[in-house]
Amino acid sequence: MSRTLGGVLRVVLVVVLVIAVVLGAVWAFQRRLIYYPSGQTPPVAAVLSGAEEVVLRTSDGLQLGAWYLPARGQHRGAGVLVANGNAGNRSLRAPLADALAERGLAVLLFDYRGYGGNPGRPSEEGLAKDVRAALRYLVEEAGLRPDRLVYYGESLGGAVVTELATEHKPAGLVLRSPFTDLASVGQRHYPYLPVRLLLWDRYPLAMHLRDVRCPVAVVYGTADSIVPPEESRAVARIRPGTIELDVANAGHNDLALLDGPEVVESVVRLAN
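Note that this is a predicted model, so its numbers are computed, not measured.

*Asks:* Is there a simple way to explain unusual backbone geometry in this structure?
*Replies:* Despite not being glycine, S177 has its phi angle at roughly 55°, a positive value. For S177, the position within the fold is in the loop between β8 (172–176) and α6 (182–189). Here Y203, not a glycine, exhibits a phi torsion of approximately 45°, which is positive. Tracing the backbone through its elements, the reader meets Y203 in the loop between α7 (195–198) and α8 (205–209).

*Asks:* Teacher, can you tell me more about the pattern of salt bridges here?
*Replies:* Working definition: two side chains of opposite charge can pair if their charged atoms are close together. Summed over the entire model, instances satisfying the criterion amount to 17 salt bridges. Linking E53 and R90 is a salt bridge whose minimum nitrogen-to-oxygen distance equals 3.7 Å. One end of the pair, E53, is in strand β2 (residues 52–57); the other, R90, is in the loop between β5 (87–88) and α3 (94–102), and 37 residues separate them in sequence. Residues R132 and E163 are paired through a salt bridge, measuring 2.9 Å at the closest nitrogen-oxygen approach. Taken as a pair, R132 in helix α4 (residues 124–141) and E163 in helix α5 (residues 156–167) lie far apart in primary sequence, 31 residues in all.

Rules used in this analysis
- Residue numbering note: each chain is counted from 1, following its sequence as written.
- Residues qualify for local features only when their pLDDT is at least 70, as the model is predicted, and side-chain atom pairs are given and counted only at 80 or more; totals for whole chains, interfaces and linings, by contrast, use all residues.
- Each side-chain value is derived from all of the structure's non-hydrogen atoms; neither hydrogens nor water enter the calculation.
- Helix and strand definitions follow DSSP, with helices as H or I runs of at least four residues and strands as E runs of at least two, each counted in order from the N terminus.
- Throughout this description, the term salt bridge denotes a Lys or Arg side-chain nitrogen within 4 Å of a carboxyl oxygen of Asp or Glu.

So this is what it looks like as C-alpha cells:
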C-alpha cells in the first residue's frame, strides 16, 4: 500500500513540476507569443509611390521609422494614423495607404519599437509611447489638425489607438478585427492555460472604448480564425451608434481586410 501511494505521489510530483515548468516558460516568454516583429522594411520608393521616409521620436528617446504619404488629388485636409497589428511591418500596409491617399487623405504608416528594424522591444507601455510619437508627427510636423485625424487600428493596433483616443480625441476611430481585451483572445487560443493570470500586457480595448467620445466604426471578417468575429461584434456593441461592417468569408489576413472597399470606405466616411 505504501509503495502504491509513493508511486502515485511521485507521478503527481512529476505532473506538478511539468505544469510549473510550462507555466514558467509561458510567463517568461509570453511576449514572443504576442509580438511577431519582422526585419528591415524595403525602401519606401519600392512599395509606395509619393511617400517619404520620416522619423518619429518617442518620449523615452527612441527613433522609429515611418512613411508619410500626402493626399493625392482633392485634399480633404484630413489624415489617417495607421496602427499595425502584432505582425509584419509597415510595408504590408502600403496598399491601404495608397487607397486612402487616392481618396484625398494623408496617411502615416509607422512601425512600433522592435519592428521594421526599429530599436527597442515591444510592450503595451512601449506601443502607447510609439503611437503618441506618430500623433505628434502628424500634428507638429505634417501640420494636420488633431480634430481632422482618423485613427485606424488593425487587430492589436485597435487597442493601441483606442487607448490613445481616450486622451487625444480624433475625428473618428476605425477598428479592424478588434478584440475586447488581449486575454479574451489568448484564452481562445490557449484554453488550458490561466491566460488572465499570466499576462503582462492586457490591452483592455473594451474598457477604454467606453471613454472614447468620437464616431467609431468596427470592421471584421466573418471567417477570422485569429480574432473570432464574436470578439469584434462584442466591441461593436459597446457603444450605441457604432458602425458595424462584417466582411463575408474574410479571414484575418485576407486582402479584403487589408485594403478592401469596406475598410477604405469606413475610414473615408469618418474623415468627412
